[in-house]
Amino acid sequence: MYVDVHTHLTHPKFAPDLHQVIQRAVDAGLKAIVVNGLEPESNRQILELAKQFPEIKPALGIYPSQGIAHLCDNDKLNLKVFDVKAEIAFIKEQAKNGRIIAVGECGLDGYWHGVETFAEQERVFLALMEIAYDHDLPIIIHSRKLEKRCIELLDVHGQKRVDFHCYCGKTKFAVAAAQKHDNWKFSIPANIKRSESFQSMTKKLPITSLLTETDAPYLSPVPGTRNEPANVVDTVKEMAQIRGISEAEMAQTIWKNYSDLFGTFTSK
Ligand SMILES: [Zn+2]
């Protein structure tokens, strides 16, 4: 039983062969693929996808950059301006009707964006946190270059169910956060082989707080290639070696951690 808690199967790179990609993941033993939304278009596509495949678990969110698209003129990010308030209302409605397994992707980004955008980023993030809190849903966090601030806000807001996706902050902050909160987890990406920091997190975090993700099509284990959910199998292999346990035990532990955080979910 394997799981990918953070992937973007709505990305155009998957358009030509999406069904095969999902089939490969299922054949590899994945029982859950949490597809994360970024803006209105992907959020709606994910709800449709979840109706077609029982393994696809829908998480809806607003990517930090997308939430402040109206403040940016950054061509690199390919942002579209949309009605953020209406989208928050849409996500809230889906949460209320039990149509989503989690809120995400959301959070803060201090890599692409300057301090002048932080207040607006936090406003969107807080609105999404509120949805997760009110409906007792997990929340999946993007925290690039603002890891400490994300931890602080989630803590103050009393979020009990959290997954930090591709956490790149100091390992000691992650360990402290995981020790303080039973159900705050950290998902380790498929590029772990090339990342000392993810290897160190795998070694030092409580084993109960480890999860697997791909962020596919990004963060491939092989640079320059398209990542896909089936790659979590190799991540588990790598993590088992680091923790000095069998692959089966590592996979079982991660599945339990997934169940503890996300619970059970069937698409409606
Ligand atoms: Zn992502």
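Structural notes, computed from the coordinates. (Residues numbered from 1 in each chain as written. Predicted model: local features only at pLDDT ≥ 70, side-chain atom pairs only at ≥ 80, totals over all residues. Heavy atoms only, no water.)

1. Brief notes about the side chain of S65
- Of note, S65 is situated in helix α3 (residues 64-67).
- Within the structure, the side chain of S65 is placed 2.7 Å from the side chain of H113, a separation counted as a polar contact.
- Beyond its immediate sequence surroundings of up to four residues, S65 is in contact with L77, L79 and H113. (Helix = DSSP H or I, 4+ residues; strand = E, 2+ residues; numbered from the N terminus. Polar contact = N/O pair within 3.5 Å; in protein donor to acceptor, adjacent residues only side chain to side chain. Contact = heavy atoms within 4.5 Å.)

2. Details of empty space enclosed by the protein
- Summed over all chains, the structure comprises one cavity of 30 Å³ or more.
- In terms of lining, the largest cavity is formed by I62, Y63, P64, G67, I68, C106, G107, Q121, V124, F125 and L128.
- Of all the secondary-structure elements, those providing two or more residues to the lining of the largest cavity are α3, β4 (102-107) and α5 (118-134).
- Broken down by element, the residue count for the lining of the largest cavity peaks at four residues, all from α5. (1 Å grid on protein atoms, 1.4 Å probe; cavity = no way out; pocket = protein on both sides within 12 Å on 5 of 7 lines; lining within 4 Å. Points joined across faces, edges and corners; volume = space filled by probe spheres on them.)

3. Some thoughts on the packing of helix α2 (residues 40-52) against helix α4 (residues 84-96)
- Across the interface, α2 lies against α4 with an axial gap of 11 Å and an inter-helix angle of 20°. Accordingly, the angle class assigned to the pair α2 and α4 is roughly parallel. With respect to the hand of their crossing, α2 and α4 are arranged in left-handed fashion. Residue-level contacts link P40, N43, R44 and L47 of α2 to E87, F90, I91 and Q94 of α4.
- For the contact of α2 with α4, the residue count by class is four nonpolar, two polar and two charged. (Axes fitted to C-alpha atoms, helices over the stretch in contact; angles between N-to-C directions. Parallel < 35°, antiparallel > 145°, perpendicular 65-115°, else oblique. Left-handed = near helix turned anticlockwise from the far one by under 90°. Nonpolar A, V, L, I, M, F, W, Y, C, P; charged D, E, K, R; others polar.)

4. Comments concerning helix α9 (residues 232-243)
- For α9, spanning 12 residues, the distance from its first C-alpha to its last is 16 Å, which sits close to the expected 16 Å at 1.5 Å a residue.
- Among the residues of α9, V232, V233, T235, V236, E238, M239 and A240 are the ones counted as buried.
- Buried residues along α9 sit in contact with β1 (2-7), β2 (30-36), β7 (184-188), α8 (196-204), β8 (210-212) and α10 (247-262).
- Looking at the residues trailing α9, positive phi occurs at G244, about 70°. (Expected span 1.5 Å × (residues − 1). Buried < 20%, exposed > 50% of the residue type's maximum accessible area, 1.4 Å probe, protein only.)

5. Considerations on the coordination of the zinc ion
- Surrounding the zinc ion are the protein donor atoms H6 (NE2), H8 (NE2), E105 (OE) and D215 (OD), which sit 2.1 to 2.3 Å from the metal.
- Angles of 86 to 172° at the metal separate the four donor atoms of the zinc ion, which places the site in the irregular class.
- Donor residues for the zinc ion, ordered by position in the chain, follow H-x1-H-x96-E-x109-D. Here E105 lies in strand β4 and H8 lies in the loop between β1 and α1 (18-27), a separation of 97 residues in the sequence. Each member of the pair, H8 as well as E105, carries the same accessibility label: buried. (Donors = N, O, S within 2.8 Å, 3.2 Å for Na, K, Ca; no water. Tetrahedral: all angles 85-135°; square planar, octahedral: opposite > 155°, others 65-115°.)

6. Examining the nonpolar core
- If you look at the biggest cluster of nonpolar residues, it comprises 80 residues, and the most contacted ones within it are L9, F125, I139, Y258 and F262.
- Take this core: its biggest share by element is seven residues, from α10.
- The contacts of F262, once residues within four sequence positions are left out, are V5, V34, I101, A102, P138, I140, R161 and L211. (Core = buried A, V, L, I, M, F, W, Y, C linked by side-chain atoms within 4.5 Å.)

7. Quick word on the pattern of salt bridges
- According to the stated counting rule, one finds 14 salt bridges in the structure shown.
- Here K180 makes a salt bridge to D155, at a shortest N to O gap of 2.7 Å. With a gap of 25 residues between them, K180 in helix α7 (residues 171-180) and D155 in helix α6 (residues 147-156) connect regions that are remote in the sequence.
- Taking the relative accessible area as the measure of exposure, D155 reaches 27% and is therefore partly exposed.
- Linked through salt bridges whose partners overlap, the residues forming this network are D17, R24, R226 and E228. (Salt bridge = Lys/Arg side-chain N within 4 Å of Asp/Glu carboxyl O.)

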